[in-house]
Amino acid sequence: MTHGAIAASAGVMRPPVDREAGAGVYNEKLGMWVFLGSEVMFFTALIGSYIILRVAHPEMWAPPGKVLNVPITAVNTFLLICSSVTMVKAFASAQDGLQRPLCLWLLATCIIGATFVGVQAFEYHHLIEKGFVPSEGLYGSTFYTMTGFHGFHVSVGVICLSFVTWKAFRGKYTSTDHRGVEVVGLYWHFVDLVWIILFTIVYLI
Amino acid sequence: MTEMATRGTIAEQHTHRDDRPFIRRYIFSTDHKIIGIQFLLMSLLFLLLGGMLAMLMRWQLGFPGRPLPIIGSLFPEAMVQNGIVLPEFYDSLVTMHGTFMVFFAIMPLLVGVFGNYLIPLKIGAPDMAFPRINMASFWLAVPAGVLMLAGFFVEGGHAAAGWTSYAPLSANSEYSGVSTGQIIWCISLIVLGLSSILGSFNYITTIINMRAPGMIWFRMPLSIWSLFITAILVLLAMPVLSGAIIMLLFDQTIGTHFFLPPKGGQPLLWQHLFWFFGHPEVYILILPAMGMASDIIANGSRKPIFGYVSMVLALLGIGVLGWGVWGHHMFMSGMNPTLGTGFMISTLLISVPSAIKVFNWMGTMWRGNIQFHVPMLHAVSFVAMFVIGGLSGVFMAASPVDIYIHDTYFIVAHLHYVLFGGSLFAIFASITYWYPKMFGRLMSPRWGKVHFWLTFVFYNLVFFPMHQLGLHGHMRRLYDPTQYEFLKPLQPLNTFISISAFLLFASQLIFAVNFIASWFTGAKAGPNPWHDNGLEWTLPSPPPHGNFAVTPTVYRGPYEYSSPLVEEDWLPQDRRLDRSPAPAPGGHR
Amino acid sequence: MEPLTDTPLAKPRAHHPPYIAIFAGLAVLTMTELIVAFLPWHKRTIVILLIAMAIWKALLVALYYMHLRFEPNRLRILAVAPLPLAVILVTAVITEFRW
């Protein structure tokens, strides 16, 4: 059993060869999942506080659609879900070794992601003009903090995605090593997942 | 006469000379060993600073109204007037003593230093899974520390709402008189939180995925088990604190109302969020100490650790149960009493795994060939002091008792018995133990023993009487005890504690000098001065960049001391014994 | 080192999960949520339905887009590990305000 041969054929997107059995995936993927665990707890603090405060003082919230713009945000939600699709298509292209589609799907994800942030920012501007500000009370405090930090996470995602897209255009990803695409994809889908929860419990309930 | 590690499974050179310039090797280093040492130097400075703040507090408590000798004039008028510490500054001292000690001294000493230094070495890895993120983790902690220091110099003074920063006192500057200082406190801890989270996911990934062949889970040293579970606690608890502090920061700055009552905010929400983080935090502050103490006690007893599997299960038990006990910090907050009862039960339960560990340490030492080297002295006293701290914890767990002793010096005694008597003694043990590996020289054993005995005696003289003070009703964070008639008779005890504290602080000078001087003039250390079985002791002191020239193969657990299989009283994990197949994991013949 | 441009002929096309079908599911669920949110039903019913649909959507993203359905069990356990803690925190503190 020559470990040299096994090492060469295993590739970097498999668990490390000359090590005890771990999680069964390569380091970068494991690292991202572990990091996402911390992100779950971060949003738990924010969203959990929202739930708790709303249960304590339900009368401080307006019915859905009264203050917040549900139609535009619904479109925005749809956009973000689309970006998850483009992201996963990019990953599939990377797996198949298709360079051009990989680059284009990644680019599409970046653009849609940036659009999402733009629409959110536009919405904030509109709401603030209407007088719905963070200091108005519990509704404003929780709304802006939750969606604001989600937007911040999306923005960081767009920056990382730009970096990955740039690398893709330079041909740095192959069918045997596209770790960056998978790992940034995991982060991006997580951000989408959080929004799925947020849209429902902030805008529709 | 010991064979070195046999040929590894991959015959590549993993180690290489580090030819990069000085700045890349020692300042912006990605080598976990250098990063560990960087954390060590930073944390020791903050430990010293935290101690100095405590000395100022003890002067005020021991000699209220008496001007500070010599240094009184060095402080600005806003802090110290006519040599006397002002009440507002006293509140800042209390707050910053706790903040510096918890976040910038003990936590980085245990997790940042030993997590970084020991994990790759003890599991047979060349470095952490993500070396550059590791570097980022340290270089985020530095500005966090600098920012926290800067808070002393802003208008209004530093944060003064306690290290627990309860809202609404901390959220509204009209209540505390402090505005910028509280904001700085918040921002600094958010940055530090990010540093910790980056570190923790690195540690977890490394331990899960990068163990050398043969290093199965139940052959890992307890120090690594404890660091693993601690990293999970950091990963999941720190973000909750970050979230809570962000909400507090918004209450302070942009007018939100999370914790401010006028528009529906809930002060209790802050307490729940803080302590949901805060209780796992205290296990973060003790678990690595327990793990490293286990390694040292087994070594000093020349015996395997008693009940290795139950030690691991106890660590896991503490790690899991620790999430369900946070309310015991809030028994007097006005929270739902039924919820309180739930927390009382879970808190009483969590004493069980800790007790199991204590019995196992004693079982390890029983009939051992005990070597009272300096780390062993500290490690054994760690066990004894932790028992005292743990026992007082059982009193507090019972909420009817806590009604009486909450926020008194009984709590102060408890927390210092577990944090100083527990964590800090384990830290002294561990620094002394791994110093030769880090720096290639041994610390002076004679001065180490002098430091130990002086510290042990003065430490108990300072903190044991605090139990009495607390039971008599002496409150925490109290500026002038003599303003209360019922506390006046206890004032001599306060003075006694203060004098002991000054002597305790002075004794640490011995450790500091020993630490610094040994780097220059300490006896040169070979690879394995303690005759320990861990993988790091198979390497030169200090180990080369990349650690292992050949990936080690592990054949047994780390506690095979006094094994019948060999002549020596120690048997390294990676030593292959030709005449027998690899023994079963964790056990002896 | 693999060549920079792989030809699809060099290796067989991997079998991908039905990404577009999942997308359709997500779109349908989102539409349904929008409708349910504004129906004249009892608030509690609406809330339960909406949360159930949100969880369903989240599961679709996690299992298929994040590939948890196809990952080793150890990784799946790791991924869900923080969730019980979130539940403990929120349910415990809610009892402060609603018993």
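Residues numbered from 1 in each chain as written. Chains lettered and ligands numbered in written order. Predicted model: local features only at pLDDT ≥ 70, side-chain atom pairs only at ≥ 80, totals over all residues.

Side note on the overall build of chain C
Let me state the cut-off plainly: Under the scheme used here, helices are H or I runs from DSSP no shorter than 4 residues and strands are E runs no shorter than 2 residues, and both carry numbers assigned from the N terminus. The exposure scheme places C-beta atoms from the backbone and then counts, for each residue, the other C-beta atoms within 10 Å of its own, assigning buried at 20 or more, exposed at 12 or fewer, and partly exposed in between.
Scanning chain C for helices and strands turns up four helices and zero strands. Put simply, chain C runs from its N terminus to its C terminus through helices and strands in the order α-α-α-α. Burial analysis of chain C (99 residues in total) assigns 22% to the buried set.

Here we look at the overall build of chain A
Which entries qualify depends on this criterion: Residues are defined as contacting one another if the C-beta atoms placed from their backbone atoms lie within 7 Å.
Scanning chain A from N- to C-terminus turns up six helices and zero strands. Its helices and strands in sequence order give chain A the pattern α-α-α-α-α-α, from N to C terminus. Across its three principal axes, chain A shows a C-alpha extent of roughly 70 × 35 × 20 Å. Taken over 205 residues, chain A has a buried fraction of 51%. Taking contacts inside chain A between residues at least 6 apart in sequence as the whole, the part at least 24 apart equals 75%.

Regarding the nonpolar core
Heads up, the rule is: The nonpolar core criterion groups buried Ala, Val, Leu, Ile, Met, Phe, Trp, Tyr and Cys residues into a set whenever they are joined through C-beta atoms within 7 Å.
The biggest cluster of nonpolar side chains holds 259 residues, and the ones touching the most others in it are Ile204(B), Ala244(B), Ala293(B), Phe382(B) and Ala429(B). Contacts of Ala244(B), omitting those with residues within four sequence positions, involve Ala45(A), Trp270(B), Leu273(B) and Phe274(B).

Considerations on helix H2 (residues 43–65) of chain C
Selection criterion: Expected helix span is taken as 1.5 Å per residue step, with the number of steps being one fewer than the number of residues.
With 23 residues, H2(C) extends 32 Å between its outermost C-alpha atoms, agreeing within 8% with the 33 Å of an ideal straight helix rising 1.5 Å per residue. Residues of H2(C) that are buried in the fold lie against helix H3 (70–96) and helix H6 (179–204) of chain A together with helix H1 (19–37) of chain C. After H2(C) finishes, the residue His67(C) shows a positive phi value of roughly 65°.

Quick look at the interface of chain A and chain C
Which entries qualify depends on this criterion: Any residue outside Ala, Val, Leu, Ile, Met, Phe, Trp, Tyr, Cys, Pro, Asp, Glu, Lys and Arg is labelled polar, Gly included; the first ten of those are nonpolar and the last four are charged.
Listed per partner, the contact involves 42 residues of chain A and 43 residues of chain C. For the side of chain A that touches chain C, the elements supplying multiple residues, two or more each, are helix H2 (27–56), H3 and H6 of chain A. Here the residues of the side of chain A that touches chain C sort into 24 nonpolar, 15 polar and three charged.

As for helix H10 (residues 308–321) of chain B
All names here are of chain B. Convention followed: Within this analysis, the arc is defined by the directions that extend from the helix axis to the C-beta atoms.
When the terminal C-alpha atoms of H10 are compared, their 20 Å separation across 14 residues agrees well with the 20 Å that a helix rising 1.5 Å per residue should span. The set of residues buried in H10 consists of Tyr308, Met311, Ala314, Leu315, Ile318 and Gly319. All buried residues of H10 fall inside an arc of 135° around its axis, so they share one side. In this fold, the buried residues of H10 make contact with helix H7 (222–253), helix H8 (267–284), helix H9 (287–301) and helix H11 (337–365).

A closer look at the environment of Phe452(B)
Residues and elements named next belong to chain B. Within the secondary structure, Phe452 sits in helix H15 (residues 445–471). What makes Phe452 buried here is the crowd of 24 C-beta atoms within 10 Å. In the structure, Phe452 is positioned 162 residues away from Met290 in sequence and 18 Å away in space, judged by C-alpha atoms. Once you skip the residues sitting within four places of it in the chain, Phe452 turns out to touch Val374, Leu377 and His378.

Things to note about the interface of chain B and chain A
Tallying the contact residues gives 36 residues for chain B and 33 residues for chain A. Mapped by element, the contributors of at least two residues to the side of chain B that touches chain A are helix H6 (180–209), H7 and H8 of chain B. Counting residues per element, the side of chain B that touches chain A draws most heavily on H7(B), which supplies nine residues. Among the residues making up the side of chain B that touches chain A, the classes are represented as 23 nonpolar, 11 polar and two charged.

Considering the packing of H15(B) against helix H16 (residues 491–521) of chain B
Residue and element names in this part refer to chain B. The condition is simple: Convention adopted: a line fitted to C-alpha atoms gives each axis, helices being fitted over their contacting stretch, and angles between N-to-C directions are expressed from 0 to 180 degrees. Each angle receives one of four descriptions, namely roughly parallel if under 35 degrees, roughly antiparallel if over 145, roughly perpendicular if within 65 to 115, and oblique otherwise. Handedness of a crossing follows from how the near helix is turned relative to the far one, being left-handed for an anticlockwise turn of less than a right angle and right-handed for a clockwise one.
Contact geometry of H15 with H16 gives a least axis separation of 8 Å together with a crossing angle of 155°. The orientation of H15 with respect to H16, classified from their angle, is roughly antiparallel. Seen along the crossing, H15 lies across H16 with a hand that is left-handed. Its residues assigned to classes, the contact of H15 with H16 shows 18 nonpolar, seven polar and no charged.

Considerations on the confidence of the model for chain A
For residues with low pLDDT, the predicted coordinates do not support detailed interpretation. Residues and elements named next belong to chain A. As a reminder, the rule being used: Every residue is assigned a pLDDT by the predictor, reflecting its confidence on a scale from 0 to 100.
Taken residue by residue, chain A gives an average pLDDT of 94. The fraction at 70 or more is 95%. Helix H1 (residues 3–10) is the least confidently modelled element of chain A, averaging 44 in pLDDT, while helix H5 (residues 138–169) averages 98, the highest of any element. Under a pLDDT of 50 for its full length, residues 1–9 has, in the predicted model, seven contacts with residues more than four places off or in other chains.

Regarding the confidence of the model for chain C
All names here are of chain C. Scored by pLDDT, chain C comes out at a mean of 88, with 86% of its residues at no less than 70. Long-range and interchain partners of residues 1–5, a stretch whose pLDDT sits below 50, account for five contacts in this model, where long-range means more than four residues apart. The low-confidence segment residues 7–12 (pLDDT under 50) makes six contacts with residues lying over four places distant or belonging to another chain. Our summary of model confidence lists the complex with pTM equal to 0.94 and ipTM equal to 0.94.

Re the packing of H2(A) against helix H4 (residues 82–94) of chain C
Two numbers describe how H2(A) lies on H4(C): the axes approach to 10 Å, and their chain directions differ by 20°. One way to sum up the angle between H2(A) and H4(C) is to call them roughly parallel. Between H2(A) and H4(C) lies a crossing whose hand is right-handed. Contacts from Gly37(A), Val40(A), Met41(A), Thr44(A), Gly48(A), Ile51(A), Ile52(A) and Val55(A) in H2(A) reach Pro82(C), Leu85(C), Ala86(C), Leu89(C), Val90(C), Val93(C) and Ile94(C) in H4(C). Of the residues in the contact of H2(A) with H4(C), the class split is 12 nonpolar, three polar and no charged.

Some words on unusual backbone geometry
Residues and elements named next belong to chain B. Note that the residue after Ala167, namely Pro168, is joined by a cis bond; omega there is 0°. As for its position among the elements, Pro168 is in the loop between helix H4 (131–150) and helix H5 (173–176). With an omega of -5°, the peptide bond running from Ser541 to Pro542 counts as cis. Within the secondary structure, Pro542 is located in the segment after H16. Phi is positive for Arg367, which is not a glycine, with a value near 60°. Looking at the element boundaries, Arg367 is found in the loop between H11 and helix H12 (374–397). Overall, the presence of 9 C-beta atoms within 10 Å leaves Arg367 in the exposed class. Even without glycine at this site, His531 takes up a positive phi of about 55°. On the secondary structure map, His531 appears in the segment after H16. Residue classification places His531 among the partly exposed residues on the basis of 15 C-beta atoms within 10 Å.

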